[in-house]
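In case you want the letters, here they are:
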Amino acid sequence: MKAVSIIITLALFVGIAIIFMGGSTKDNTNMGSVQGVEIKDGVQYITIDAGGGYSPQVTEAKSGIPTKLIMKTNGTYDCSASLVIRSVGYQQILPQTGETEIDIGIPKAGKPIQGVCGMGMYSFIINFS
Amino acid sequence: MKNVQVDLKRETVTIETNSETDSDQNSKELAELLTSKIKPNGYTLSVEKNIETKSDDGIIWKALPIGLVFLILFFLLQKSGILNFGIGGTTTPTTSFIIGLIASVSSCLAIVGGLVLSLSAKISEDNVSDTKTFLLFHGGRLVSFALLGGVLGLVGNAIGINFTFTAILGLVASIVMLLLGLNLVGVFAKNKVALPSGIFQKITSAFRKIEHKTFTPLVIGFGTFFLPCGFTQSMQIVAISSGSFISGFLIMFAFALGTLPMLAFLSFGSASFAHGKHAPLFFKSAGVVVIGLGLFALLAGLAGLGIISPLFSI
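Keep in mind it's a predicted model, so treat the numbers as computed, not measured. (Residues numbered from 1 in each chain as written. Chains lettered and ligands numbered in written order. Predicted model: local features only at pLDDT ≥ 70, side-chain atom pairs only at ≥ 80, totals over all residues.)

### Brief notes about helix α5 (residues 108-125) of chain B
Residues and elements named next belong to chain B. What counts, and what does not: The secondary structure listing takes helices from DSSP runs of H or I that are at least 4 residues long and strands from runs of E that are at least 2 residues long, numbered from the N terminus. The span expected for a helix works out to 1.5 Å for each residue beyond the first. By definition, a residue's bend is the angle between the axes fitted to the seven residues ending there and the seven starting there. Here a residue counts as buried when 20 or more other C-beta atoms fall within 10 Å of its C-beta, as exposed when 12 or fewer do, and as partly exposed in between; the C-beta atoms come from the backbone.
Taking 1.5 Å per residue, 18 residues should reach 26 Å; α5 reaches 25 Å between its end C-alpha atoms and fits that length. The principal kink in α5, of about 25°, is found at G114. Counting buried residues along α5, 17 of its 18 residues qualify, which places the element largely inside the surrounding structure.

### Looking at the interface of chain B and chain A
What counts is decided by this rule: Any two residues are considered in contact once their C-beta atoms, placed from the backbone, lie within 7 Å. Residue polarity follows a fixed list, in which Ala, Val, Leu, Ile, Met, Phe, Trp, Tyr, Cys and Pro are nonpolar, Asp, Glu, Lys and Arg are charged, and the others, Gly among them, are polar.
Between chain B and chain A, the contact holds 41 residues from the first and 41 residues from the second. The set of elements that each furnish at least two residues to the side of chain B that touches chain A consists of α3 (59-80), α7 (163-185), α10 (230-242) and α12 (279-304) of chain B. When residues in the side of chain B that touches chain A are grouped by element, the largest group, eleven residues, is from α3 of chain B. For the side of chain B that touches chain A, a count of residues per class yields 23 nonpolar, 16 polar and two charged.

### Quick look at α12 of chain B
Since the α-helix packs 3.6 residues into each turn, any two residues three or four apart lie on the same face. An ideal rise of 1.5 Å per residue puts 38 Å on 26 residues; α12 of chain B measures up with 36 Å between its terminal C-alpha atoms. Of the residues one or two after α12 of chain B, G306 of chain B is the one with positive phi, at around 80°.

### Side note on the confidence of the model for chain B
Residue and element names in this part refer to chain B. Using the following cut-off: Per-residue confidence from the prediction method is given by pLDDT, with values spanning 0 to 100.
Taken over all residues, the pLDDT of chain B has a mean of 80, while the share at 70 or more is 75%. Taken element by element, the predicted model of chain B shows its lowest mean pLDDT in helix α2 (residues 51-56) (50) and its highest in helix α11 (residues 245-274) (92). The ipTM value of the predicted complex is 0.78, and its pTM value is 0.75.

### Structural notes on the sheet that holds strand β10 (residues 123-128) of chain A
This is how it is decided: When DSSP locates at least two bridges between a pair of strands, those strands are taken to pair. To get an axis, a line is fitted to the C-alpha atoms, and for a helix only the part in contact is used. The angle between two axes follows their N-to-C directions and goes from 0 to 180 degrees.
Pairing in this open sheet of five strands is mixed, and the strands run β4-β10-β9-β6-β7 (chain A) from one edge to the other. Strand pairing shows two members of the sheet lacking a second neighbour, β4 (58-61) and β7 (90-93) of chain A, which therefore form its edges. Between one strand axis and the next, the sheet turns through 15° on average, direction left out of account. In the sheet, strand β6 (residues 82-85) of chain A pairs with β7 of chain A via four bridges, with the strands oriented antiparallel. From the neighbouring strand, L83 of chain A faces β7 of chain A, where its bridge partner is Q92 of chain A. Sitting on the sheet, α10 of chain B is in contact with β6, β7 and β9 (113-117) of chain A, with an inclination near 75° to β7 of chain A.

Right, here's the structure in full:
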């Protein structure tokens, strides 16, 4: 009885590890908006959807040009609405529906910018090269 | 009394006496007499061995898989994305009620639900008048959400939406959960020797005192308004922009009402299990769940504060 329980317990631990380590299934299943990086009039715009997490979770962008982050929300009430970007000192609760523009200055190469939701269970990262 | 020997491992005390009439009756009386003297230090003495300690072994091996299954179901639910549908349009009390229902099974459950579960199980375990305590907690929660929502609508300003403050409160809550979880599982119970005026004993007795008061459940219910939960914070923003006391009041009240079924289930469910046949199994399983949720909330909270980098994105 005890041996069986120990085996089941170990199997369940592995299950939890898979849940946490496994890639997110939410990537690319966002709310149908154009995602990614766009350069317009010398300004780089990076769009990220917020709602049940952030998507895309990893973005590759260019360094050395003025960059703005556009956070898109669409009926978002969960944690991803409360956004913290520590490196630029941003702490705000995004409007439930709409677009929020955040100026992140001129990013340097190799210095990624990370956004976390207030409770810390959702995050996204933007790498600059 | 000639000689006294204590065997901690077997939890026995051997007492040699000068008494001529050594009978069963006599030793029972002696045990009772001695118990009355050592009870304040947290010991009891009896002729028959306490059965409680015997049946304890092995339960943890049932409780661990049960607790882990609940944790897996919870994390799978979060990962599935079922809860992530957007709610469009303006927020009315009806939509805030629905948002409350969603919030009560979302990742906020990890912190608010985990705290409610751990406190409820602990209160039921300590045989405090649990129904009254739970009613005060849930009542206090509903009333303070409504009133604070009203104030937000009236003032139109962000009280309680200070990120660092809520994050630190969340860390405190997750540490409380971890301690109570370990306590429920029975890690601390292994300390058979009571330290005279030990710090832990002081904490325990302080906690006992707190439980009895009417005030504490009300304050904890009030405090859940400030616990880190994205849904609560979004609703606070809605209440702020609602522009009047009544609308802020209604929105936050409806939201709290939406979270009530799940939280009430957790506390009253704990109580009914705690008084049932499988109480020891329930306490240990609940302890496993609470430790898991506490760890999750702690790691996430540290990431939210920027102390550690986010370990997961669930």
